[in-house]
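Structure assessment
Take a look at the letters that make up each chain.
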Amino acid sequence: MLKKTLILILSLYFTAFPALALELDMSVDEEIKKKYNSSQLEYDVLPSLPKVDSTTQSPPKTQLNYQTNMPAPVITKIDPKDGIKISSGTKFTVRSNGQISDWQTRGANVSFTTTSPVYKKHVTIPTGTVFRGTVVNSHQPQPTGNGGLVVIKLNSMTYNGKTYNVNAKITKANYKKIFLNNMKGERKYWKGVSNRIDKGEAFYNKAKQKANKLAGNPVLIILAPIPAIVGLVGYSACTILSPFTALTTKGGHLSIPSGSTFEIKLLDSAYVH
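Residues numbered from 1 in each chain as written. Predicted model: local features only at pLDDT ≥ 70, side-chain atom pairs only at ≥ 80, totals over all residues. Heavy atoms only, no water.

**So, the pairing of strand S9 (residues 162-173)**
The pairing of strand S8 (residues 149-159) with S9 spans five bridges and is classified as antiparallel. Residue tyrosine 159 lies in a different strand from S9, and its bridge partner there is lysine 162. Counted between consecutive antiparallel strands, the loop separating S8 from S9 contains two residues, among which asparagine 160 sits at a positive phi close to 55 degrees. In terms of strand pairing, S9 meets strand S13 (residues 261-266) through five bridges, oriented antiparallel. Bridge pairing in S13 links alanine 168 to leucine 266. The sheet contact formed by S9 and strand S10 (residues 176-177) spans two bridges and is antiparallel. (Pairing = 2+ DSSP bridges. Helix = DSSP H or I, 4+ residues; strand = E, 2+ residues; numbered from the N terminus.)

Now the structure itself:
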C-alpha cells in the first residue's frame with residue numbers, strides 16, 4: 001500500500017509540477033510590470049535625463065543639436081600689466097547655447113552666454129558675454145551603475161567684441177553643485193540591487209499564491225508546500241546574489257537641454273582691455 005502511495009505522489013509530482021513551474025516563470029514579468037512604471041524618469045542628481053540603457057544605441061535626433069562646427073574665435077593677446085584684471089574665483093551665471101549630453105565626444109565645442117552682469121572694481125562684464133569651451137572627457141553609462149559623464153573646460157570669453165583667453169570650469173548645472181567639474185548621470189547600482197530583490201519577492205509571492213491554490217485541492221494538497229519552497233529559495237537567491245548581479249546595471253544618461261542655467265568660475269585671473 002505504501003509503495004502504491006509513493007508511486008501516486010511521484011506521478012502527480014512529475015505531471016503537475018512542470019506545468020506549475022512554467023506558470024510561475026511566465027508570470028514574474030507581469031507582476032513586475034504592474035508594480036513599476038518603466039517609463040518613469042528617475043533623475044535627481046542633475047536635470048531630467050532620458051532613460052537609455054544601451055551605450056550602442058544611436059543618439060535621438062533631439063540630441064544632435066551640438067555646437068561642433070563653431071569657428072575658432074580669434075584670441076586677442078594681452079599683456080597682464082596692460083589689461084584690466086578679473087580675479088580668479090569670479091563666478092558668472094550663464095545659460096547653455098546648445099544641448100550637453102554624454103553623446104558628445106572629446107573635442108566637441110560648447111558655449112554659454114551670461115544672463116546677468118558681473119561688477120568688478122574696474123570693469124563690468126555685461127549680460128550677453130559669451131564663454132566658449134570644449135569637452136575634455138566624456139563617456140556614456142557604464143556597468144556597476146556608473147552614469148554618463150561630461151567634463152567641460154572653458155577657455156575663452158568674448159567681451160565687448162573681443163575674445164580673450166580664460167581658464168574656467170562649471171561649478172553648477174541647473175542650480176545643482178558640480179564636483180571636480182564632472183557632470184554625471186545618475187548612479188544606479190543600488191537601484192539595480194533593489195530591482196533584483198524585488199524580482200525575487202514577486203516570484204515568491206506568485207509561488208505562495210500557487211501554493212494556496214494547491215492547498216485548496218484535496219487531490220493536490222500534498223504538493224502545496226513545493227511551490228512555496230521553490231519561491232522562498234528563489235527569493236533568497238535573488239537577495240543574496242543581488243550585489244553581484246547588479247554589477248551589470250548601467251547608470252543613467254546625462255542630457256541637459258539647451259538654455260539650461262549654469263555657473264562658471266574662473267580658475268585663473270583673466271585680463272581684458
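**Points about the environment of lysine 206**
By the element assignment, lysine 206 lies in helix H2 (residues 189-215). Separated by 21 residues in sequence, lysine 206 and proline 227 place their C-alpha atoms 9.0 Å apart.

**Observations concerning the pattern of salt bridges**
In this structure the tally under the stated criterion is one salt bridge. Notably, a salt bridge pairs glutamate 186 with lysine 191, separated by 3.2 Å at the nearest N-O pair. When its relative accessible area of 10% is taken as the criterion, glutamate 186 is described as buried. On the accessibility criterion, lysine 191 (29% relative accessible area) is partly exposed. (Salt bridge = Lys/Arg side-chain N within 4 Å of Asp/Glu carboxyl O. Buried < 20%, exposed > 50% of the residue type's maximum accessible area, 1.4 Å probe, protein only.)

**Here we look at H2**
Since the α-helix turns once every 3.6 residues, residues separated by three or four places project in the same direction. Here H2 contains 27 residues, and its C-alpha end-to-end distance of 39 Å stays within 8% of the 39 Å for a straight helix at 1.5 Å per residue. Along H2, the positions that sit buried rather than exposed are Tyr189, Gly192, Val193, Asp198, Gly200, Ala202, Phe203, Ala207, Lys210, Ala211 and Leu214. (Expected span 1.5 Å × (residues − 1).)

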